[in-house]
Amino acid sequence: LMPNGSSIVLNASTSSIKGRPGMSVYSASKAAVRSFARGWTSDLKDRSIRVNAISAGSTETPGLEGFVGVTTDEQKKGLYKHLSGGVPLGRVGKPDDIAKAVVFLSSDDASFVTGIELFVDGGAVQV
């Protein structure tokens, strides 16, 4: 269904390379996504379809808040303060941070980028 010259950006996670208690199945599924990006890069090269993966770190979303059971503004503030402590840039991501990276990988500006896993995590799993 993808036309020649398209770009596919898969949603992986920093959990694909960082083991966390109770997250083994999730982490394995995200490592599989990363592997799809690499395999599909080879499979689709003759059609000039680029495939990349975004691995986002902790991002300020209702999904994250619901996952950890945040129900009050005070809990939300405490959660993001705690998560920010492990991020060299000193904050969790915003949805717009992730979106900008996806837009870049989807654009012609990334025409020579394929098969990568781009970490958009403020340096959390790189440092």
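One can find the structure itself at the top, above this paragraph.
Residues numbered from 1 in each chain as written. Predicted model: local features only at pLDDT ≥ 70, side-chain atom pairs only at ≥ 80, totals over all residues. Heavy atoms only, no water.

Draft legend 1. Just the overall build of the protein chain, in detail. When helices and strands are tallied, the protein chain shows four helices and three strands. Helices (α) and strands (β) of the protein chain occur, in sequence order from the N terminus, as β-α-β-α-α-α-β. Considered along the principal axes of its C-alpha atoms, the protein chain spans approximately 50 × 30 × 30 Å. Looking at the 127 residues of the protein chain, the share that counts as buried comes to 37%. Contacts in the protein chain between residues at least 24 apart in sequence constitute 68% of all its contacts with a sequence separation of at least 6. (Helix = DSSP H or I, 4+ residues; strand = E, 2+ residues; numbered from the N terminus. Buried < 20%, exposed > 50% of the residue type's maximum accessible area, 1.4 Å probe, protein only. Contact = heavy atoms within 4.5 Å.)

Draft legend 2. The arrangement of the pattern of salt bridges in detail. Counted according to the given criterion, the structure contains five salt bridges. The closest approach of N and O atoms between Glu65 and Lys76, which form a salt bridge, is 3.8 Å. Linking Glu65 in helix α2 (residues 62-68) with Lys76 in helix α3 (residues 73-84), this pair joins segments that are eleven residues apart in sequence. Residue Lys76 is classed as partly exposed on the basis of its relative accessible area, which comes to 28%. (Salt bridge = Lys/Arg side-chain N within 4 Å of Asp/Glu carboxyl O.)

Draft legend 3. Structural view of the sheet that holds strand β1 (residues 7-13). One open sheet accounts for three strands, arranged β1-β2-β3; its pairing is parallel. The sheet terminates laterally at β1 and β3 (117-120), the two strands that pair on one side only. For this sheet, the mean inter-axis angle between neighbouring strands, taken without regard to orientation, is 25°. Lying over the sheet, helix α1 (residues 24-43) contacts β1, β2 (50-56) and β3, oriented at roughly 160° with respect to β1. Sheet strands touched by helix α4 (residues 95-106): β1, β2 and β3. Its angle to β2, the strand with the most contacts, is close to 165°. (Pairing = 2+ DSSP bridges. Axes fitted to C-alpha atoms, helices over the stretch in contact; angles between N-to-C directions.)

Draft legend 4. A look at α1. With 20 residues, α1 extends 28 Å between its outermost C-alpha atoms, agreeing within 8% with the 28 Å of an ideal straight helix rising 1.5 Å per residue. Where α1 is buried, its residues touch β1, β2 and β3. (Expected span 1.5 Å × (residues − 1).)

Draft legend 5. Representation of the pairing of β1 in the model. Extensive coverage of β1 is indicated by the burial of five of its seven residues. Pairing analysis gives seven bridges linking β1 to β2, with the strands arranged parallel. Each residue of the ladder has a partner; that of Ser7, found in β2, is Arg50. Crossover connection from β1 via α1 to parallel β2: handedness right-handed. (Right-handed = clockwise from strand over helix to strand, strands pointing away.)

Draft legend 6. Up close: the environment of Lys76. Separated by 14 residues in the primary sequence, Lys76 and Pro62 place their C-alpha atoms 9.8 Å from one another. Setting aside residues no more than four positions away along its own chain, Lys76 makes contact with Glu60, Glu65 and Val70.

Draft legend 7. Highlighting the layout of surface pockets. There is about 990 Å³ of room inside the largest pocket. For the largest pocket, the lining is made up of 37 residues, of which Ala56, Gly57, Ser58, Thr59 and Leu64 are closest to its centre. Where the lining of the largest pocket is concerned, the elements lending two or more residues are β1, α1, α2, α3 and α4. Considering each element in turn, the lining of the largest pocket owes the most residues, four residues, to α2. (1 Å grid on protein atoms, 1.4 Å probe; cavity = no way out; pocket = protein on both sides within 12 Å on 5 of 7 lines; lining within 4 Å. Points joined across faces, edges and corners; volume = space filled by probe spheres on them.)

Draft legend 8. Looking closely at α3. The first and last C-alpha atoms of α3 sit 16 Å apart over twelve residues, in line with the 16 Å expected at 1.5 Å per residue. If you check which residues of α3 are buried, you get Leu79, Tyr80 and Ser84. One side of α3 holds all its buried residues, which, seen down the axis, span an arc of 130°. Away from the buried face of α3 by more than 90 degrees, exposed residues Glu74, Lys81 and His82 are located. (Arc of directions from axis to C-beta.)

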